[in-house]
Amino acid sequence: MIRLLLRAAISLVTVAVALLICLWTLPGFSIGFAGFLVAVLVFTIAQAILAPLLLKIVARHAEALIGGIGLISTFVALLIASLFPSGVHLSGILTWVLATLIIWVVTALGGWLLASLIFKKRATDARGR
């Protein structure tokens, strides 16, 4: 249970960082404070639901796309987050593409790095007891 909560926290943090990077680097990307909170929650929940669902669908019907599941689920989660009135606003195809790539890279690398640091520390602490 603690592992699940830690993974959820890691996901929230990495999504928040990714959205801030998009806000600071992409001129066609905008979000307000309330929208930021909504987008982080919506994006995290959508990503948690979409990634396994899309993996199952793609594995059954188009195995060649399995490597792109992260990008596809990131794009769809971004699309869902943009549907909320106070959510993310993107203008232009290039902004959509770059935001998807930035969010995908930051959440993937950040999640991997944070998880390895946290779970390695927990394992080390458990051995020390």
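J.: Any chance you could break down the overall build of the chain for me, citing the residues and the numbers?
T.: Tallying secondary structure elements over the chain gives four helices and two strands in all. Secondary structure elements of the chain, listed N to C terminal, follow the sequence α-β-α-α-β-α. Buried residues in the chain amount to 34% of all 129 residues. Taking all contacts inside the chain whose residues are at least 6 apart in sequence as the whole, residues at least 24 apart take part in 70%. Summing over all exposed atoms, the chain offers an accessible surface of approximately 8,000 Å²; the carbon and sulfur share of this is 76%.

J.: Now, about the environment of Leu79: what can you tell me, with residues and values included?
T.: Residue placement: Leu79 occurs in helix H3 (residues 69-83). A residue is classified by how much of its surface remains accessible, and Leu79, at 36% relative accessible area, is partly exposed. Along the chain, Leu79 and Leu90 lie 11 residues apart, while their C-alpha atoms are 9.4 Å from each other.

J.: Tell me what's going on with the confidence of the model for the chain, and back it up with residues and numbers.
T.: Predicted confidence across the chain gives a mean pLDDT of 83, with 85% of residues reaching 70 or more. Per-element averaging of pLDDT across the chain places helix H2 (residues 33-61) at the bottom with 80 and strand S1 (residues 29-30) at the top with 94.

J.: Outline helix H1 (residues 2-25), supporting the account with residue identities and numerical values.
T.: Compared with the 34 Å implied by 1.5 Å per residue over 24 residues, the 34 Å span of H1 between its first and last C-alpha is a close match. Those residues of H1 not exposed but buried are Ile10, Thr14, Val15, Ala16, Ala18, Leu19 and Cys22.

J.: A description of the environment of Leu6 should follow, citing residues and the corresponding values.
T.: For Leu6, the position within the fold is in helix H1. Residue Leu6 is classed as partly exposed on the basis of its relative accessible area, which comes to 22%. Along the chain, Leu6 and Ala115 lie 109 residues apart, while their C-alpha atoms are 8.2 Å from each other.

J.: Quick rundown of H3? Include the residues and the values.
T.: With 15 residues, H3 extends 21 Å between its outermost C-alpha atoms, agreeing within 8% with the 21 Å of an ideal straight helix rising 1.5 Å per residue. Of the positions making up H3, those classed as buried are Ile69, Ser73, Thr74, Ala77, Leu78, Ala81 and Ser82.

J.: Tell me about the side chain of Thr100, and please be specific about residues and values.
T.: For Thr100, the location among the structural elements is in helix H4 (residues 93-128). Not counting chain neighbours up to four residues away, the residues in contact with Thr100 comprise Leu71, Thr74, Phe75 and Leu78.

Parameters and conventions
Residues numbered from 1 in each chain as written. Predicted model: local features only at pLDDT ≥ 70, side-chain atom pairs only at ≥ 80, totals over all residues. Heavy atoms only, no water. Helix = DSSP H or I, 4+ residues; strand = E, 2+ residues; numbered from the N terminus. Buried < 20%, exposed > 50% of the residue type's maximum accessible area, 1.4 Å probe, protein only. Contact = heavy atoms within 4.5 Å. Areas by Shrake-Rupley, 256 points an atom, 1.4 Å probe, with all protein chains shown as cover. pLDDT = per-residue confidence, 0-100. Expected span 1.5 Å × (residues − 1).

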